[in-house]
Amino acid sequence: MEDDPTTRRRRSSALHTADRWPITPFNRLFAPIYLLAVLALLYRHVTNLLVPATTTLALLVADLVLAFMWATTQVFRMNPIRRREAVENLNDVVAEEGELPGVDVFICTADPYKEPPLGVVNTALSVMAYDYPRDRLAVYVSDDGGSALTLFAFVEAAKFAARWLPFCERNRVVERNPAVYFGSNRGHPVDGEVEEIKTMYESMKHKVEHVVEAGKVDDQFIDGPKEQEAFGKWSDKFTKHNHPTFIQVLLDSKNDKDVDGHVMPNLIYVSREKSSTSQHHFKAGALNVLLRVSATMTNQPIVLTLDCDMYSNDPATPRRAMCYLCDPKLGPENSAFVQFPQKYHGINENDIYAGEFQRLFQAMPMGADGLCGPHHVGTGCFFRRRAFFGSPSSPVAPEIPEVGPDHVVGGSVRSGSVLELAHRVAECGYENQTSWGSKIGYRYGSLVEDYYTGYRLHCEGWKSVFCCPQRPAFLGDAPISLADMLNQQKRWDIGLLEVAFSRFSTLTYGVRSSAGFLMGFGYCQNAFWPSWSIPVIVYSFLPQLALLNGLHIFPKATEPWFWLYPFLFLGAYAQDMLDFLLVGGTFQRWWNEQRIWTVRGLSCFLFGGFDFVLKSLGVSTKGFSLTSKVVDEEQRQRYEKGMFEFGVSSPIFLPMAMAALINLVSFGFGLGRVLTGGWWNVEGLVLQIVLSGFGVLNSVPIYEAMVVRRDPGKFPARGSFAAVVVSVVLCSLASVMFSF
């Protein structure tokens, strides 16, 4: 029987489709088989413990961690979903629901020297030029550094936007980041208007870069009394950690027009009050200030959060998000956010530092989408403002209604009463004795405020959706220095452990929350990320040291238990590789990804765990630091060639250098025994020799940096010497231990 016209119309107006991942049946079949092998391995360890041995205990602990992390991974393999949105149907469906919802965009920056203002400006311009009604778009820039340099950049951006936005619309420009548009070689039309716009952009770029280099805004660059008044509010006594609230409305959608006479989106600069005697909660605190300030000025129902270097790569992105946020089938009353994956430009051909995070930003979110939805990953996320104020069924009212999601803004963003209230809610003492950071807004208590906030929202009963269009919605910068990458992830590790061992632990609170057991257990995969350092360290050193002393710690090649180890190793690696390839990766990138996983286990996971313990004990550690977005050209060239960038002498490099040296020596020792006595002479050491060889293969870039290279990015001689000395000491201690 044919569908009636109403049913056909509704079906044709579907806002998105959801398909199951084709590999799901295989994952469900393979999981119990692999589980039996894991249980068999643990059984063998337990029976061997009847004869006390330090090596057996160490292997048991390492394999228990591996088993736990494998189990958390299976959560994301049981029901992954791939969604596709139908933007062409949005107007038909939304017309029945009312107008498109307004969007407040939050962009956070904190240091004009580590996060160049021109890059932040380009990010803002790319979202201001969205293919979306401008009167429903407001861009808020949070400058936690309180820098006049950043404000100047946005004053210039507001002028340039009046020409850039209509230019993008008339020419249907897709790359609406002007730096990317003018820097690409894709055959852009060359005419008078293009050249004129490019000249304007180069002029703005020159002014901004000159001001940043000079460290101040000279009078020659200040245009008119309004700008003079704005910059006159800055004082030499202002510092990054001590300055009053400063809010400047740069564009007002009700009054400002572009060169074609069309309205401009709101553009508002916000620098919250900072005091060295007050707690500011880093980025989470800045975002909560933006939530309150925006509530008093525009209070759009949707909030988009962006990192300052994560520019828009697709002008249709907000419409894609609305295909989920406006879809009645998803239950808007329970839908908290739509998360886009983090994608990066400028990554070298084989992604030597695994900066794409294919597993974290694509494979896992698709798996979580089959449960409560993906984790929040800090940027590229469209939130429903209401989600920050309590659970779907139990709203939490803020201290004043003007900062709540239901507040209706009465005046212009430039009106005195609106600005007065906006300044008040941005004061550093405003949150005292309120629920901000605990029950409403971004949640405090972890350096990874994104992960923690998304987790808490899921625990309250909210859902989320993963949107991964073919064209990346956003593109950002990934670290191209090994030290920068490891230090950034060490900061993540500390924040994740803060969640894991809090009263809202994923292992105790999460599994019993409204998110459900599986989702709560899946959150453990990230919360206990740093625990990977335990098996990585054990398997990078213990079998190798035992091999050097002629002691076998694995079954002999003639024993049935021997084949359990290749199955577990190859099964895990093959499934991981399959996941990686299916989300668009290549074999070479997967190989580099597994190599970097070992590097992380010997560096940022380990040091992040140490710092967390020290912080928990009240011992002061190095404070929060931004990842620099400034790129050295020579460093960039080495990165493009696929060379690891060491350069600086740092303790974080010591364990990986030691592992590289000890694996090389033990592998050579094992091969020597094979060549002199044949395989029958080493049948109990086969697995240890193979494991050492695998370690050597993964350490090739480290050997090159220590021995072959002479460029500034080589492994520092002092670091190499320290690694050799400590490795010799460790081998000596192992020889004494294994002699008993």
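Residues numbered from 1 in each chain as written. Predicted model: local features only at pLDDT ≥ 70, side-chain atom pairs only at ≥ 80, totals over all residues. Heavy atoms only, no water.

## Considerations on the environment of alanine 138
Right, so step 1: Relative to the helices and strands, alanine 138 resides in strand β4 (residues 137-143).
Right, so step 2: Judged by relative accessible area, which is 0%, alanine 138 ranks as buried.
Right, so step 3: In this structure, the C-alpha to C-alpha distance between alanine 138 and asparagine 299, residues 161 residues apart in sequence, is 9.4 Å.
Right, so step 4: Ignoring anything within four residues of it in the chain, the contact list for alanine 138 reads Val103, Asp104, Val105, Asn266 and Thr298. (Helix = DSSP H or I, 4+ residues; strand = E, 2+ residues; numbered from the N terminus. Buried < 20%, exposed > 50% of the residue type's maximum accessible area, 1.4 Å probe, protein only. Contact = heavy atoms within 4.5 Å.)

## Considerations on the UniProt feature "binding site: UDP-alpha-D-glucose" (unreviewed entry) in the protein
Right, so step 1: The feature "binding site: UDP-alpha-D-glucose" (unreviewed entry), as given by UniProt, occupies Lys114, Glu115 and Asp144 in the numbering adopted here. The annotated residues occupy 31 residues of the chain but converge on a single region, no pair of C-alpha atoms lying more than 12.6 Å apart.
Right, so step 2: When you line up the elements, glutamate 115 lands in the loop between β3 (103-109) and α5 (117-128).
Right, so step 3: Engagement of the side chain of glutamate 115 in a polar contact is seen with the side chain of threonine 109, the distance being 2.8 Å.
Right, so step 4: Residue placement: aspartate 144 occurs in the loop between β4 and α6 (148-170).
Right, so step 5: Ignoring sequence-local partners within four residues, the contact set of aspartate 144 consists of Thr109, Ala110, Lys240, His243, Arg272, Lys274, Phe282 and Ala286. (UniProt positions renumbered as here; feature names shortened; annotations may be inferred. Polar contact = N/O pair within 3.5 Å; in protein donor to acceptor, adjacent residues only side chain to side chain.)

## Some points on unusual backbone geometry
Right, so step 1: Non-glycine residue histidine 281 carries a positive phi angle of around 60°.
Right, so step 2: Inspection of the secondary structure assignment puts histidine 281 in the loop between β6 (266-271) and α10 (282-297).
Right, so step 3: Here asparagine 299, not a glycine, exhibits a phi torsion of approximately 50°, which is positive.
Right, so step 4: Topologically, asparagine 299 is positioned in the loop between α10 and β7 (302-307).
Right, so step 5: Residue asparagine 299 is classed as buried on the basis of its relative accessible area of 8%.

## Some details on the sheet that holds strand β9 (residues 335-339)
Right, so step 1: Pairing within the open sheet is mixed, and its eight strands lie in the order β5-β6-β4-β3-β7-β10-β9-β11. A strand with exactly one partner marks an edge of an open sheet, and here the two such strands are β5 (246-251) and β11 (463-466). Ignoring which end each strand starts from, the neighbouring axes of this sheet average 20° apart.
Right, so step 2: Across four bridges, the pairing between β7 and strand β10 (residues 381-384) is antiparallel. (Pairing = 2+ DSSP bridges. Axes fitted to C-alpha atoms, helices over the stretch in contact; angles between N-to-C directions.)

## Description of the pattern of salt bridges
Right, so step 1: On inspection of all chains with the given rule, the structure shows 33 salt bridges.
Right, so step 2: Between aspartate 711 and arginine 709 there is a salt bridge; the shortest N-O distance is 2.9 Å.
Right, so step 3: Where salt bridges share partners, they join Glu156, Lys159, Lys207, Asp223 and Glu227 into one cluster. (Salt bridge = Lys/Arg side-chain N within 4 Å of Asp/Glu carboxyl O.)

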